[in-house]
Amino acid sequence: MGRAWPCAAGPDVRAALVLASLLAGSTAVAADLDTLAEQVGLAEVEVQALVDALGECPAETARCLSAGPARACLEGATTPPAQRLVRTLTGLEAMQAGDFAGASRQLEAATPLGGSDVLGAVIVSSHGIALAAQGDFAPATQRMALAIEQAGALLGIEHEYVAQLHLNQAWFYRNLGDQERVSSSCAAALRDPAAEWLDNQLGVLCRNQVGGALFGEGRYREAEALWSDSLAWYDGNLPPDDPQRITVLGNLGRAAVEGGRPPDGVPRFRRVVELAERRYGVNDPQVSTYRYFLADALVRSGDATSAAAQYARIVHERTTTYGADAAETAQALEWLGTAEQRRGRYVAAEAALTRSYRSIAEHWPGSPALASSAGTLAELYREMGRFGEARPLLVQAVSVATGALGEGHPDVAAYLVNQGNLQRATGDLAGAKERYEQALALLEAALGPAHPHVATALTNVAGLASILGDHAAAGPLLERAVAIYEASLPPDHQFLAAGLNNLGAHQLTTGQLDAAAGNLLRAADVWERSLGPAHPNTLVCWRNVAQTLIGADRAAEAAHLLASAADRAEARLGRAHPAVAA
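Just so it is clear, the structure is predicted and the values come from calculations on it, not from any experiment. (Residues numbered from 1 in each chain as written. Predicted model: local features only at pLDDT ≥ 70, side-chain atom pairs only at ≥ 80, totals over all residues. Heavy atoms only, no water.)

Asks: Tell me about the environment of Arg-191, residues and numbers included.
Replies: Here Arg-191 is to be found in the loop between helix H10 (179-189) and helix H11 (201-216). Sequence spacing of Arg-191 and His-159 is 32 residues, and the spatial spacing of their C-alpha atoms is 9.2 Å. Sequence-distant contacts of Arg-191, defined by excluding residues within four places in its chain, comprise Ile-157, Glu-158, Ala-163 and His-166. In terms of polar contacts, Arg-191 uses its side chain to reach the backbone carbonyl oxygen of Ile-157, at 2.8 Å. (Helix = DSSP H or I, 4+ residues; strand = E, 2+ residues; numbered from the N terminus. Contact = heavy atoms within 4.5 Å. Polar contact = N/O pair within 3.5 Å; in protein donor to acceptor, adjacent residues only side chain to side chain.)

Asks: I'd love a proper account of the state of the cysteines, names of residues and values included.
Replies: Working definition of a disulfide: a covalent bond connecting the sulfur atoms of two cysteines. All told, the structure shown has two disulfides when counted by the stated rule. The disulfide partner of Cys-64 is Cys-73, and the S-S distance across this bridge is 2.1 Å. Residues Cys-64 and Cys-73 share a disulfide whose torsion about the S-S bond is about -105 degrees; that sign makes it left-handed. Taken in sequence order, the bonded cysteines of the protein link in the pattern 1-2, 3-4. A disulfide-free cysteine, Cys-57 has its sulfur positioned 10 Å from the sulfur of Cys-73, the nearest such atom. For Cys-57, a relative accessible area of 12% corresponds to the buried category. (Disulfide = S-S within 2.5 Å. Buried < 20%, exposed > 50% of the residue type's maximum accessible area, 1.4 Å probe, protein only.)

Asks: Explain the pattern of salt bridges to me, using residue names and the numbers behind them.
Replies: Across all of its chains, the model carries 30 salt bridges by this definition. Linking Arg-245 and Asp-235 is a salt bridge whose minimum nitrogen-to-oxygen distance equals 2.6 Å. Taken as a pair, Arg-245 in helix H13 (residues 243-258) and Asp-235 in helix H12 (residues 220-237) lie far apart in primary sequence, ten residues in all. Given a relative accessible area of 11%, Arg-245 falls into the buried group. Asp-296 is the partner of Arg-300 in a salt bridge, and the nearest nitrogen-oxygen pair spans 3.1 Å. (Salt bridge = Lys/Arg side-chain N within 4 Å of Asp/Glu carboxyl O.)

Asks: Can you tell me about the packing of aromatic side chains, naming the residues and giving the values?
Replies: As enumerated under the stated definition, the model contains ten aromatic pairs in all. Centre to centre, the rings of Phe-215 and Trp-227 are 5.9 Å apart; their planes meet at 40 degrees, and the pair counts as tilted. Remark: Trp-227 occurs in helix H12 and Phe-215 occurs in helix H11; sequence separation between them is twelve residues. Note on accessibility: Phe-215 and Trp-227 belong to one class, buried. Where Tyr-292 meets Phe-293, the ring centres are 5.6 Å apart and the plane angle is 55 degrees; that geometry is what we call tilted. Residue Tyr-292 is classed as partly exposed on the basis of its relative accessible area of 24%. Using a relative accessible area of 23% as the deciding quantity, one classes Phe-293 as partly exposed. An aromatic cluster is built from Phe-269, Tyr-292, Phe-293, Tyr-311 and Trp-335, whose rings are joined through pairwise contacts. (Phe/Tyr/Trp six-rings, centres within 6.5 Å; stacked < 30°, edge-to-face > 60°.)

Asks: Describe the packing of helix H19 (residues 368-384) against helix H20 (residues 387-405), naming the residues involved and giving the relevant values.
Replies: At a minimum axis distance of 8 Å, the contact between H19 and H20 shows a crossing angle of 160 degrees. Considering their axes alone, H19 and H20 lie roughly antiparallel with respect to each other. Viewed along their axes, H19 and H20 form a crossing whose handedness is left-handed. When H19 is examined against H20, the residues Pro-368, Leu-370, Ala-371, Ala-374, Gly-375, Leu-377, Ala-378, Tyr-381 and Arg-382 are found in contact with a partner set consisting of Phe-387, Glu-389, Ala-390, Leu-393, Leu-394, Gln-396, Ala-397, Val-400, Ala-401, Ala-404 and Leu-405. In terms of residue class, the contact of H19 with H20 is made up of 16 nonpolar, two polar and two charged. (Axes fitted to C-alpha atoms, helices over the stretch in contact; angles between N-to-C directions. Parallel < 35°, antiparallel > 145°, perpendicular 65-115°, else oblique. Left-handed = near helix turned anticlockwise from the far one by under 90°. Nonpolar A, V, L, I, M, F, W, Y, C, P; charged D, E, K, R; others polar.)

Asks: Explain the environment of Cys-541 residue by residue, including any values.
Replies: As for its placement among the helices and strands, Cys-541 is situated in helix H27 (residues 536-551). Residue classification places Cys-541 among the buried positions, given a relative accessible area of 1%. Taking the C-alpha atoms as reference points, Cys-541 and Leu-521, 20 residues apart in sequence, are found 7.9 Å from one another. With residues near it in sequence (within four places) discarded, Cys-541 still touches Asn-501, Leu-520, Ala-523, Ala-524 and Trp-527.

Asks: Tell me about unusual backbone geometry, and please be specific about residues and values.
Replies: Although it is not a glycine, Asp-553 sits at a positive phi angle of roughly 60 degrees. Relative to the helices and strands, Asp-553 resides in the loop between H27 and helix H28 (555-573).

Asks: Just give me the short version of the packing of helix H17 (residues 327-342) against H19, but keep the residues and values in it.
Replies: Packing of H17 against H19 brings their axes to within 11 Å, and their N-to-C directions diverge by 15 degrees. The pairing of H17 with H19 is recorded here as roughly parallel in orientation. Of the two elements, H17 crosses H19, and the hand of that crossing is left-handed. Between H17 and H19, the contacting residues are Glu-334, Thr-338 and Gln-341 on the first element and Ser-372, Ser-373, Thr-376, Glu-379, Leu-380 and Glu-383 on the second. Taken together, the residues of the contact of H17 with H19 sort by class into one nonpolar, five polar and three charged.

Function-wise, these values are silent; they only describe arrangement.
Now the structure itself:
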């Protein structure tokens with residue numbers, strides 16, 4: 001059946017079909033099928049198949065159907081077409097009355113009375129729905145698969161009715177816990193994601209399911225579009241603090257953040273936290289999770305101060321819920337320490353990170369959490385110039401991560417990069433080069449040559465090559481990094497902006513002023529779209545663009561671009577803000 005299962009009671013199927021037949025002069029060719037489908041709650045294809053079948057029945061069958069319920073006509077239906085139609089209508093009426101066992105018997109009896117026509121697909125799919133309504137999902141999937149095959153052969157696999165059958169099939173697989181088949185059925189159902197017939201509980205299920213798959217593939221904009229449609233349906237059908245609505249609003253925030261637009265994620269997560277607190281209570285673990293996403297969005301938006309406040313609340317919530325020495329609390333302390341480090345509050349950062357490290361080392365030695373904590377504390381010490389304290393922590397991070405995750409795990413590469421950063425800071429450029437190249441090779445092997453993490457590793461190798469004076473080697477590496485970002489990320493992702501900025505800076509150093517101006521201009525534009533006109537990255541990049549243009553004897557163009565950027569920043573921050581005044 002075309003409508004989404006579970007079935008809702010509707011007008012009498014038999015009466016509506018008889019009315020259509022009478023209006024169409026017993027042929028049903030001119031019947032208003034759209035109106036009839038809406039009355040009965042069936043798909044237009046299903047109504048047409050039933051009306052056509054009514055036209056093939058003897059006159060006495062039509063008179064019987066016009067006089068009472070379809071079940072009263074079972075004995076008088078003498079021809080196979082009449083028996084088929086009467087049993088089908090009897091089954092549909094039983095479904096509307098909630099008698100799914102009776103419906104199953106009638107629809108099963110109707111199945112062998114005809115061939116593989118559209119009505120056959122209607123009967124088989126309806127039988128599947130009746131079985132599912134009784135909790136028999138495994139045989140229901142088999143019946144629906146047969147209906148999909150029959151309807152696809154007759155109507156084409158791209159037909160809307162076939163997509164509607166896939167939608168029902170997705171629900172059946174969901175109840176069986178077969179997520180892989182839920183995803184494939186939903187993908188088939190969403191051939192037209194904007195179709196009105198998807199505006200129901202099952203349609204939202206599929207939009208959410210496919211959105212999650214797209215998100216996992218890095219197709220954030222496509223996922224966001226599906227989740228936005230789901231949110232629109234929730235807004236019209238569920239209270240604001242319904243768990244499903246909260247979840248999809250959080251998904252929209254994640255799509256914005258991971259898609260390179262963290263400022264767009266901030267208000268979504270603020271609303272999610274507000275609704276989750278109302279729904280679950282302020283100390284609920286779910287609230288803590290959403291608060292983490294909010295803080296992460298704030299960090300990526302450049303607002304470490306607001307992020308630190310959120311992380312401090314998470315520490316309090318987790319201490320209250322799990323205890324001061326719990327792994328969840330130690331993890332929150334690591335987040336807080338990192339945010340304080342970004343703010344330049346090194347004393348507060350060290351206090352939080354040291355407490356986290358000691359707790360994890362005592363209770364969870366040899367765990368990936370210890371590698372993370374050691375690596376994070378080491379990065380703080382490196383930034384503070386305390387290289388001697390950073391070095392053994394990074395050795396520990398690499399060793400623990402290798403033992404817990406395997407030497408080829410991407411997390412190991414991250415700690416190798418941290419080691420390289422420390423060696424670079426202490427002047428051991430040969431050692432830093434070895435670590436960066438080791439991390440690059442590991443990531444290429446683990447993630448493939450076109451992954452964004454590989455692009456970041458290429459940037460590290462290129463940066464060190466530039467320091468060593470090997471600009472000829474650095475350029476192609478940076479160009480490859482940009483190409484990877486362009487192929488794998490949305491066009492307004494901040495990582496792409498960073499890659500373009502690095503390439504432009506390299507070209508500026510090597511005297512390629514026009515090429516540098518072009519890439520820096522692109523970087524500024526992407527940063528402005530992803531982070532906003534007032535973000536420090538955006539403002540600094542616009543100034544770099546202007547300086548490059550001036551060096552290329554394009555001073556008038558530089559003045560125009562810089563003035564325009566300043567106007568946009570002023571509109572966001574106000575004229576008195578230091579960033580604008582500068």
